[in-house]
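Spelled out, the chains give:
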Amino acid sequence: LAMMGAMTYSSMFSIYVLGFSVLDSAFYSLALVIGMMITALSSGALLVRTGYRPWLILGPIVSFIGLYLLSQMTIGTSVEYYVMCLFVFGIGLGCMMGVIMTAVQNSSRQSEIGMTTSAVNLIRSVGATIGSAVFAMLIANKINGELHSLLPAEVYDIVPHSTGVLDLLAPGETGVPQIVTMVMAQLQYTAEQAMSAVHQILLAFANSVDFAFISGGILILLLVFIGVIFKVERPADDDNEVRLPEE
């Protein structure tokens, strides 16, 4: 849930607010994958010695730190900071992804491993869909208030009060953002005043996405409680097989 929501809107943030191209945004997103790969491999190699619990506690905490750092981004944030945030978030996600799958498989009978593995993958797919929807809902609910507080009243009245306002930032026939042409024509704003509206719209979107990041971080932090009480119990007919330590 958190991964897909953060990946979707961190990319939107980098394109609209930081000014990256689509290709650059995709390239920098590799930092998230690299972070996940490092801890996914490490957790798999160390799982027999550490057990599940340390990874299930550490993962949500590091993921929260990554999302908190993402929530501090704004207009003018550096590329290095953006990449670092994605890397930290990936480190946190990697702590949990492989461990959860292994725990589910080890708590299943041999005859049920295929079914439980498929169930985990299905739940992850559903979570990805819900995650994107939850982030979209949070941003949509937040951006209206941000636009109202940042834009002059007359500009606020003529623009969409949703993420659709970003469409007005696309260049028009004259090569300038559509919002600039619209504001200058309808409100007789100067070019400088119209460009100020562009900045304020971007800031409203940035603040809304930041709100979604920190909200997602708080939700994922709740998984620490599950990590503390988590316990794998093998079926009785598999007691003769090798167990992983729980602590």
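Residues numbered from 1 in each chain as written. Predicted model: local features only at pLDDT ≥ 70, side-chain atom pairs only at ≥ 80, totals over all residues. Heavy atoms only, no water.

K.L.:
So what's going on with the packing of helix α8 (residues 178–187) against helix α9 (residues 191–221)? Which residues, and what values?
P.N.:
Where α8 meets α9, the axes come as close as 9 Å, and the angle between the chain directions of the two elements is 130°. The angle between α8 and α9 falls in the class oblique. For the pair α8 and α9, the sense of crossing is right-handed. Seen from α8, the contacting residues are Ile179, Val180, Val183 and Met184; seen from α9, they are Ala191, Ala194, Met195, Val198 and Ile201. (Axes fitted to C-alpha atoms, helices over the stretch in contact; angles between N-to-C directions. Helix = DSSP H or I, 4+ residues; strand = E, 2+ residues; numbered from the N terminus. Parallel < 35°, antiparallel > 145°, perpendicular 65-115°, else oblique. Left-handed = near helix turned anticlockwise from the far one by under 90°. Contact = heavy atoms within 4.5 Å.)

K.L.:
Which residues make up the pattern of salt bridges, and what values do they have?
P.N.:
A full pass over the atoms with the stated rule returns one salt bridge. Where Glu146 meets Lys142, a salt bridge forms, and the shortest distance between an N and an O atom there is 3.5 Å. Placement of the pair is Glu146 and Lys142 together in helix α6 (residues 113–150), with a separation of four residues, close to one helical turn. According to the relative accessible area criterion, Glu146 is buried, its value standing at 12%. For Lys142, a relative accessible area of 29% translates into the label partly exposed. (Salt bridge = Lys/Arg side-chain N within 4 Å of Asp/Glu carboxyl O. Buried < 20%, exposed > 50% of the residue type's maximum accessible area, 1.4 Å probe, protein only.)

K.L.:
An account of the nonpolar core is requested, with residue identities and associated values reported.
P.N.:
In terms of nonpolar packing, the biggest core is built from 52 residues, with Leu147, Leu151, Val159, Ile179 and Phe213 touching the most fellow members. When contributions to this core are tallied by element, the ones reaching two or more residues are α1 (2–16), α3 (30–50), α4 (53–70), α5 (79–106), α6, α7 (153–158), α8 and α9. Not counting residues within four places of it along the chain, the set of residues in contact with Phe213 comprises Ala6, Tyr9, Ser10, Leu67, Leu70, Ser71, Met73 and Phe135. In terms of nonpolar packing, the next biggest core, distinct from the first, is built from seven residues, Leu47, Tyr52, Val99 and Ala103 among them. (Core = buried A, V, L, I, M, F, W, Y, C linked by side-chain atoms within 4.5 Å.)

K.L.:
Give a detailed account of the packing of aromatic side chains, specifying residues and quantitative values.
P.N.:
A complete count under the given rule lists seven aromatic pairs for this structure. Judged by centre distance (6.3 Å) and plane angle (10°), the ring pair of Tyr9 and Phe135 falls under stacked. In this pair, Tyr9 is assigned in helix α1 and Phe135 in helix α6, connecting sequence segments 126 residues apart. Given the relative accessible area of 12%, Tyr9 is considered buried. By relative accessible area, Phe135 is classed as buried at 2%. Judged by centre distance (6.3 Å) and plane angle (65°), the rings of Phe135 and Phe213 are edge-to-face. Placement of the pair is Phe135 in helix α6 and Phe213 in helix α9, with a sequence separation of 78 residues. Ring pairs connect the aromatic residues Phe20, Phe27, Tyr28 and Tyr82, which therefore count as one cluster. Cation over ring: Lys142 sits above Phe211, and NZ or CZ is 5.2 Å from the ring centre. (Phe/Tyr/Trp six-rings, centres within 6.5 Å; stacked < 30°, edge-to-face > 60°. Lys NZ or Arg CZ within 6 Å of the ring centre and 35° of its normal.)

K.L.:
Kindly report on α5, identifying the contributing residues and their values.
P.N.:
The α-helix winds at 3.6 residues per turn, so residues separated by three or four positions along the chain end up facing the same way. End to end, α5 covers 41 Å across 28 residues, agreeing with the expected 40 Å (1.5 Å per residue, within 8%). In α5, a bend of some 25° at Leu93 exceeds every other bend along the element. (Expected span 1.5 Å × (residues − 1). Bend = angle between axes of the 7 residues up to and from the residue.)

K.L.:
Quick rundown of α4? Include the residues and the values.
P.N.:
Its 18 residues place the ends of α4 26 Å apart at the C-alpha level, agreeing with the 26 Å of an ideal helix rising 1.5 Å per residue. Within α4 the residues assigned to the buried category are Arg53, Trp55, Leu56, Gly59, Pro60, Val62, Ser63, Gly66, Leu67, Leu69 and Leu70.

K.L.:
Outline the environment of Ala140, supporting the account with residue identities and numerical values.
P.N.:
The topology assignment puts Ala140 in helix α6. Taking the relative accessible area as the measure of exposure, Ala140 reaches 35% and is therefore partly exposed. The sequence separation of Ala140 and Asp24 amounts to 116 residues, and the corresponding C-alpha distance is 26 Å.

K.L.:
Can you tell me about the side chain of Gln200, naming the residues and giving the values?
P.N.:
Inspection of the secondary structure puts Gln200 in helix α9. In this structure Gln200 touches Leu150, Leu151 and Pro152, once residues within four positions along its chain are discounted.

K.L.:
Which residues make up the side chain of Thr39, and what values go with them?
P.N.:
Inspection of the secondary structure puts Thr39 in helix α3. The class of Thr39 is buried, set by a relative accessible area of 9%. Contacts of Thr39, omitting those with residues within four sequence positions, involve Gly90, Ile91, Gly94 and Cys95.

K.L.:
Outline the environment of Leu18, supporting the account with residue identities and numerical values.
P.N.:
Looking at the secondary structure, you find Leu18 in the loop between α1 and α2 (22–28). Distance in space between the C-alpha atoms of Leu18 and Ile61 is 27 Å, their sequence separation being 43 residues.

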